[in-house]
Amino acid sequence: MKHERYLITGAAGFIGANLTRRLIEEGKDIYPLVRDTSDLWRIEDLNLQNLVKADLTDYVSISELLLQIKPTHIFHLATYGVYRDQKDANAIFAANVWATFNLLRASQDLDLAAFVNTGSVYEYAD
């Protein structure tokens, strides 16, 4: 049986933090990924040995990162535009489209069991 490694983008977000906690409880080998500017309050109490800070819009660094980690599962939960003040269309496109494209392209030669891409804005809505 192949050793499973889980890459979780957006690990500091609502869904990502809860998934990170759950996978830790299950004893999984996880690699939570956040931006340099992420507020880590949801996960700061966790002892995250493999916390990765990266820019998903930088294909070269993401490619190198995936070759190093060799994840078997990717949960792509990173997003931008869920808060009402996040209105920059270029930043929304970069985070939600370009970053996803980069992850898919960089992971195409990996032996992935799953690539899950999801998100939610409803926890912030009125």
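Thresholds applied
Residues numbered from 1 in each chain as written. Predicted model: local features only at pLDDT ≥ 70, side-chain atom pairs only at ≥ 80, totals over all residues. Heavy atoms only, no water. Helix = DSSP H or I, 4+ residues; strand = E, 2+ residues; numbered from the N terminus. Rg over C-alpha atoms; globule rule 2.2 N^0.38 Å. Buried < 20%, exposed > 50% of the residue type's maximum accessible area, 1.4 Å probe, protein only. Contact = heavy atoms within 4.5 Å. Areas by Shrake-Rupley, 256 points an atom, 1.4 Å probe, with all protein chains shown as cover. Pairing = 2+ DSSP bridges. Axes fitted to C-alpha atoms, helices over the stretch in contact; angles between N-to-C directions. Core = buried A, V, L, I, M, F, W, Y, C linked by side-chain atoms within 4.5 Å. Parallel < 35°, antiparallel > 145°, perpendicular 65-115°, else oblique. Left-handed = near helix turned anticlockwise from the far one by under 90°. Nonpolar A, V, L, I, M, F, W, Y, C, P; charged D, E, K, R; others polar. Salt bridge = Lys/Arg side-chain N within 4 Å of Asp/Glu carboxyl O.

> I keep staring at the overall build of the protein chain and nothing clicks. Help me out?
Counting its regular elements, the protein chain contains three helices and five strands. When the helices and strands of the protein chain are read in sequence order from the N terminus, they spell out β-α-β-β-α-β-α-β. In terms of C-alpha radius of gyration, the protein chain reaches 14 Å, essentially the compact-globule figure of 14 Å for 126 residues. Along the first, second and third principal axes, the C-alpha set of the protein chain runs to 45 × 30 × 20 Å. Looking at the protein chain as a whole, 38% of its 126 residues are labelled buried. Sequence-distant contacts, at least 24 apart, represent 61% of the contacts inside the protein chain between residues at least 6 apart. Total accessible area on the protein chain stands at roughly 7700 Å², and carbon and sulfur atoms take up 51% of it.

> Explain the sheet that holds strand S4 (residues 73-76) to me, please; I cannot follow it from the model alone.
Backbone hydrogen bonds are what pair the strands of a sheet, in a parallel or an antiparallel way. Reading across from one edge, S3-S2-S1-S4-S5 is the order of the five strands in this open sheet, with parallel pairing throughout. The open sheet has two free edges, formed respectively by strand S3 (52-53) and strand S5 (114-117), since each of these has just one partner strand. Note: strand S1 (residues 5-9) against strand S2 (residues 29-34), five bridges, orientation parallel. Bridge pairing links Leu 7 to Tyr 31 in S2. Strands S1, S2, S3 and S4 of the sheet are contacted by helix H2 (residues 59-69), whose axis makes an angle of about 155° with S1.

> What is the right way to look at the nonpolar core in this model?
A general tendency of soluble globular proteins is for nonpolar side chains to be buried together. Counting 15 residues, the largest nonpolar core has Leu 7, Leu 33, Ile 62, Leu 65 and Leu 66 as its most contacted members. Secondary-structure elements contributing two or more residues to this core are S2, H2 and helix H3 (89-107). Non-local contacts of Leu 7, meaning those with residues more than four positions away in its chain, are made with Tyr 31, Leu 33, Leu 66, Ile 69, Pro 71, His 73, Ile 74, Phe 75 and Leu 103.

> For this particular structure, what's the right way to read the side chain of Thr 9?
Checked against the element boundaries, Thr 9 lands in strand S1. Contact partners of Thr 9, with chain neighbours within four places excluded, come to Leu 33, Leu 56, Phe 75, His 76, Leu 77, Ala 78 and Leu 103.

> Hey, could you run me through the packing of H2 against H3 in this one?
When two helices pack together, you describe them by how their axes are tilted relative to each other and by the distance separating the axes. Viewed as axis vectors pointing N to C, H2 and H3 meet at an angle of 45°, and their least axial separation amounts to 9 Å. Taken together, H2 and H3 sit at an angle that is classed as oblique. In the crossing of H2 with H3, the sense of the turn from one axis to the other is right-handed. Every residue of H3 that contacts H2 at Tyr 59, Ile 62, Ser 63 and Leu 66 is listed here: Asn 102, Leu 103, Arg 105, Ala 106 and Ser 107. The residue makeup of the contact of H2 with H3, split by class, is five nonpolar, three polar and one charged.

> Explain the pattern of salt bridges to me, please; I cannot follow it from the model alone.
As enumerated under the stated definition, the model contains four salt bridges in all. Across the pair Arg 5 and Asp 29 runs a salt bridge whose closest N-O atoms are separated by 3.9 Å. In this pair, Arg 5 is assigned in strand S1 and Asp 29 in strand S2, connecting sequence segments 24 residues apart. The exposure class of Asp 29 is buried, given its relative accessible area of 19%. The closest approach of N and O atoms between Arg 22 and Glu 26, which form a salt bridge, is 2.9 Å.

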